[in-house]
Amino acid sequence: MEKDAQVAEALASTSSGKAALDHAIEAAELYMRAASSTSNKKDAARFRQRCKALIAHAEKLKTQLPKAPPGFSASDILRQSSLLHGNEFPPWENDPSDAEFLHKPGQELFIDETRFSLSPIQTENFASWKRPQDLSDLTDDDDLEALMRPLRSCNLVQDVTTDCSVVASLSAAIDMLTGKHSVLASIIHPFDHDSGHPKISTSGKYVFRMNFNGCWRRVVIDDRLPASRTDRTLFVVDRRNPRLIWPALLEKAYLKVRGGYDFPGSNSGTDLWVLTGWIPEQLFLHREDFDLSTTWRRIKAAHETQDVVVTLGTGRISAEEEEVMGLVGEHDYAVLDMDCSDGIRKLLIQNPWCNGPVWTGAGWSTPQKSPRPEMSADGELTSRVSELYPSGTLWVAFEDVAQHFESMYLNWNPKLFPHRQDRHFNWSTPPKRLAASLVRNVQYSITCPKGGLVWILVSRHFVDQELAIMRNRRGSMAAVAEQLGYMSILIFETSGKRVQTSEDQLYCGPYVDSPQTLARLETEPGKQYTIVLDQQELPLKSYNFTLSVFSELPVELREAQEEMSHFKEIEGTWSRRTAGGNSSLSTYFINPQYKISTTRTGPVSILLATGDQDVHVHVDLAWASGKRVSSIRVKDLVGTSGEYRQGCAVANIPKLDPGVYTLICSTFEANQTADFALRVSSTAEVLLENIPTDAAGRLRNSLLPLALTEREERMRAQIRVSWLTRGSVCVRSVGPKSSRDDTVRQPSPLMVKVYVVHGWGPEKLVIAETGDGEFVESTVALRTPEFDIEPERTHSGQMWLVVETIGVHNAPTSLEMDVFSDSPVQVGPWQSW
């Protein structure tokens, strides 16, 4: 085995990319097996050292891998997700044999070389790592199996270790672990199936089967636990069965997966998903759509059949509420029982802290139904209340729970669903410009031919970088959530086709900071739905995910397909020079504009998206032959995205005839700077080109503002050039800001026309004019077509820039004008005429 490991290691050093990673993982696995099988202590230590070095090398190789290509297989993703915190957790293949846990004569007890980190307060109390026999007061005559077999019902508590969610999960799930479903038998090895309890491993080695990063995985630990030098405890203990250690071993295995005893925190829904594979669902108790009665009926029925485990979580609460109510903020609680008597719905809740505060709100300290008989230490049945209801528990009305707790975590028995499908995928999170859209999101098509209930679970694989973010947190867990980002599931009725935006969604789940999120869908027979994974501020560039679909009847699941076949994308920017605002503003003409050309009739969809969520955007397609437009009228529009929308907007044109058009991208307010992405989808090839701004490659001559008065309705200024020049004139009005008082009557707009003429009087020749020669409201930006300026005409003093107005001047208004030209243009003073 050592020779095979050396061969794989050599291949890893001479290969690159994914091949090098595969060889490194293979070599690490072989060295690990060699260390477990050898009886030579020095060889075992050497093998473990090589294994550890190869895992570190594999971690480095993993970070250097490029984005997974479309053909990246599920097995590749599962293997890539096997490496965490310098450890390898391979996919589960077979249950280990009992021989793996036997202590052979002359062989050292098994030692897991993993370093379990401790928090500062844990380090203050830490004495050493001890075997279970050294931690308990067992004598040589005592039965070691007492370490695994409780004499009475469990009462699990935590102390220094900050894993309230884990202990709350174990407390709430104790009946599921050891009772009707006996889930514990599939989790911990070795296990005595006859007695229904874990076995003592004489070698000190334990193997756990845990569900994370896409599949069931093998987690190996030794039985050493952190002993304390004080009366504080560093691992989960059972108050009623102080010798019981399997909960502490299960906790240790889980904390190895999550990064150490200085575990920054999780939620009990995630913990039970990893520990048991039961489907996690998070209910937000303060959401408007939370239905108290419906929820009670769902969980009460499942609780009776032991098909659901219920835990609770508080959010950020004030110190005053903590003191008055006896609650702890950002803390998980176990639900041990449920009851409905005298018309009152109640939950029996427990704080997992060994010396933590207990709920002081309205509640009942006595049981609300008859205690169940249990076996006492001497083998007799007992029904003492203290045996059934541990200390630190209280019955609380369901309505009070909904008021004072933030979340309810439900973990459902996966055996409730006869059918299951898993899809593993890698997702590179969208660039910021496209984050407000869904064009880069993972999307699946789902169909249930006969209809029925479908549960869709998305699980994000654990990665080292997220653990680093959590450990470096400052402040509350809510602050950490903002750094870790959020994700959600969206569902659309779009015939299984890909969608671009979140509009018209059938379902939008809450955006959660948890690594799992669940959507429940009641499907119609044969209808195709589109399932979309969405995110907000996920900090890493790439993640691995698993999509699991649970259903009562068979389901067809495949990747959603694009509705269009051709795509063009351009990145742009609204800068100080190009952020012109909406079409009612005089600066609209400076917005980014594009020439779009097509030679075939067909549908076109135009997406405009920005990463700045405070910016409302809009896109117009105009009849302008690919030339810049200064203003937009209804008759100019081929298509539009409608109202300005936050983050992204879409203009869908069902049928676009062959031709050349102008596309304008705008923000609602002027001077809003932001980057954006423009994406044109079509069924035929489309050309997309940037249209230069008026100032691009041209001289800009900004004239002094022209104040408009009632007495002078026509003003002119002489134009001169030294040689033949081509140019255009842009005009925009500047007036007082409108009053916010709706009772103040606003003045009617002034009508303006601007043109360039040669000569005067009846023989004058109009060279260029705004608005096709019509008067236009002064609130609209104006622009003349391009025209030639001949020096001979200007030298005779017969070239004029003219402004005409009609209407009532109810408020002071002035016009700002820019002349853009190939060469210098002189414009004289304004004259009334």
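Residues numbered from 1 in each chain as written. Predicted model: local features only at pLDDT ≥ 70, side-chain atom pairs only at ≥ 80, totals over all residues. Heavy atoms only, no water.

Identification of the protein chain as Cysteine protease PalB from Cordyceps javanica is taken from an unreviewed UniProt entry.

This part takes up unusual backbone geometry. Keep in mind that most residues, glycine aside, have a negative phi and that most peptide bonds are trans. With an omega dihedral of 10 degrees, the bond running from His189 to Pro190 counts as a cis peptide bond. Here Pro190 lies in the loop between strand S5 (188-189) and strand S6 (191-192). In this structure, Gln306 takes a positive phi of about 55 degrees despite not being glycine. As for its position among the elements, Gln306 is in the loop between helix H12 (292-304) and strand S13 (308-313). (Helix = DSSP H or I, 4+ residues; strand = E, 2+ residues; numbered from the N terminus.)

Moving on, we come to the sheet that holds strand S29 (residues 566-574). On the basis of which strands lie adjacent, the open sheet formed by four strands has the order S29-S37-S31-S35 and antiparallel pairing. The sheet terminates laterally at S29 and strand S35 (648-656), the two strands that pair on one side only. Strand-to-strand twist of the sheet, defined as the mean angle between neighbouring strand axes without regard to direction, takes the value 15 degrees. Sheet analysis places S29 next to strand S37 (residues 674-682), joined by nine bridges and oriented antiparallel. By the bridge assignment, Glu569 is partnered in S37 with Arg679. (Pairing = 2+ DSSP bridges. Axes fitted to C-alpha atoms, helices over the stretch in contact; angles between N-to-C directions.)

What follows concerns the packing of helix H7 (residues 164-172) against helix H11 (residues 268-276). A pair of packed helices is characterised by two quantities: the angle between their axes and the separation of those axes. Taken N-terminus to C-terminus, the directions of H7 and H11 make an angle of 65 degrees; their axes are 8 Å apart at the nearest point. Relative to H11, H7 is oriented so that their crossing is right-handed. Mapping the contact onto sequence places Ser165, Val166, Ser169 and Leu170 in H7 and Ser268, Asp271, Leu272 and Leu275 in H11. Its residues placed into classes, the contact of H7 with H11 shows four nonpolar, three polar and one charged. (Left-handed = near helix turned anticlockwise from the far one by under 90°. Contact = heavy atoms within 4.5 Å. Nonpolar A, V, L, I, M, F, W, Y, C, P; charged D, E, K, R; others polar.)

Inspection of the secondary structure puts Thr501 in the loop between strand S23 (486-492) and strand S24 (507-508). Residues Thr501 and Val650 lie 149 residues apart in sequence; the distance between their C-alpha atoms is 8.0 Å. Apart from residues lying up to four places away in sequence, Thr501 is in contact with Leu438, Phe492, Leu607, Cys648 and Val650.

For the rest of this paragraph, the subject is the UniProt feature "active site" (unreviewed entry) in the protein chain. With numbering matched to this structure, UniProt assigns "active site" (unreviewed entry) to Cys164, His331 and Asn351. Taking the farthest pair of C-alpha atoms as the criterion, the annotated set spanning 188 residues converges on one region, since that pair is 8.8 Å apart. Relative to the elements of secondary structure, Cys164 occurs in helix H7. In contact with Cys164, not counting residues within four places along its chain, are Gln158, His331, Asp332, Pro352 and Trp353. (UniProt positions renumbered as here; feature names shortened; annotations may be inferred.)

All right, on to the packing of aromatic side chains then. With the rule as written, the count across this model stands at 20 aromatic pairs. Aromatic side chains Trp296 and Phe398 sit 5.2 Å apart centroid to centroid with 50 degrees between the ring planes, which places their arrangement in the tilted category. Of the two residues, Trp296 is situated in helix H12 and Phe398 in helix H15 (residues 398-404); the sequence distance between them amounts to 102 residues. In this structure an aromatic cluster arises from ring pairing among Phe425, Trp427, Tyr444, Tyr543 and Phe545. The side chain of Lys205 reaches across the aromatic face of Phe110, ending 5.5 Å from its centre. Over the face of the ring belonging to Trp800 we find Arg716, whose NZ or CZ atom lies 3.8 Å from the ring centre. (Phe/Tyr/Trp six-rings, centres within 6.5 Å; stacked < 30°, edge-to-face > 60°. Lys NZ or Arg CZ within 6 Å of the ring centre and 35° of its normal.)

With that out of the way, let us pick up the pattern of salt bridges. Under the definition given, this model contains 36 salt bridges. For Asp818, the salt bridge identified is with Arg700, shortest N-O distance 2.8 Å. One end of the pair, Asp818, is in strand S49 (residues 813-821); the other, Arg700, is in strand S39 (residues 699-702), with 118 residues separating them in the sequence. Sharing partners across several salt bridges, the network here consists of Arg440, Arg498, Glu562, Glu569 and Arg679. (Salt bridge = Lys/Arg side-chain N within 4 Å of Asp/Glu carboxyl O.)

Okay, the packing of helix H10 (residues 246-258) against H11 next. Where H10 contacts H11, the axes come no closer than 11 Å and their chain directions differ by 110 degrees. The pairing of H10 with H11 is recorded here as roughly perpendicular in orientation. Each of Leu250, Tyr254 and Arg258 in H10 lies in contact with H11, whose residues at this interface are Thr270, Asp271, Val274 and Leu275. When grouped by side-chain class, the residues that make up the contact of H10 with H11 number four nonpolar, one polar and two charged. (Parallel < 35°, antiparallel > 145°, perpendicular 65-115°, else oblique.)

Here six strands make up an open sheet; going across it, the order is S12-S19-S13-S14-S15-S18 and the pairing antiparallel. The open sheet is flanked by strand S12 (279-284) and strand S18 (393-397), the only strands paired with a single partner. Put simply, the sheet's adjacent strands are angled 30 degrees from each other on average, direction ignored. Here S13 pairs with strand S14 (residues 332-341) via three bridges, running antiparallel. Following the sheet pairing, Thr311 is matched in S14 by Ala334. Along the sheet face, H7 touches S13, S14 and strand S15 (344-350) and points at about 35 degrees away from the line of S14. Contacts between H12 and the sheet are confined to S12, S13, S14, S15 and strand S19 (407-412), with S14 contributing the most and set at about 95 degrees to the helix.

One can find Ala5 in helix H1 (residues 2-14). According to the relative accessible area criterion, Ala5 is buried, its value standing at 0%. With 45 residues separating them in the primary sequence, Ala5 and Arg50 have C-alpha atoms 9.6 Å apart. Excluding its chain neighbours within four sequence positions, the residues that come into contact with Ala5 are Ala27, Leu30 and Tyr31. (Buried < 20%, exposed > 50% of the residue type's maximum accessible area, 1.4 Å probe, protein only.)

With that settled, consider H1. Three- or four-residue spacings in an α-helix give side chains the same orientation, since the helix completes a turn every 3.6 residues. Counted at 1.5 Å a residue, the expected span for H1 with its 13 residues is 18 Å, and the 19 Å between its end C-alpha atoms agrees. Taken together, the buried positions of H1 are Ala5, Ala8, Glu9 and Ala12. What you see down the axis of H1 is that its buried residues fit within an arc of 100 degrees, all on one side. Exposed residues pointing more than 90 degrees away from the buried face of H1 are listed as Lys3 and Thr14. (Expected span 1.5 Å × (residues − 1). Arc of directions from axis to C-beta.)

What follows concerns the environment of Val463. By the element assignment, Val463 lies in the loop between strand S22 (452-460) and helix H16 (464-471). For Val463, a relative accessible area of 22% corresponds to the partly exposed category. Residues Val463 and Leu540, 77 residues apart in the sequence, show an inter-C-alpha distance of 9.9 Å. Residues in contact with Val463, not counting those within four places in the same chain, are Leu84 and Leu540.

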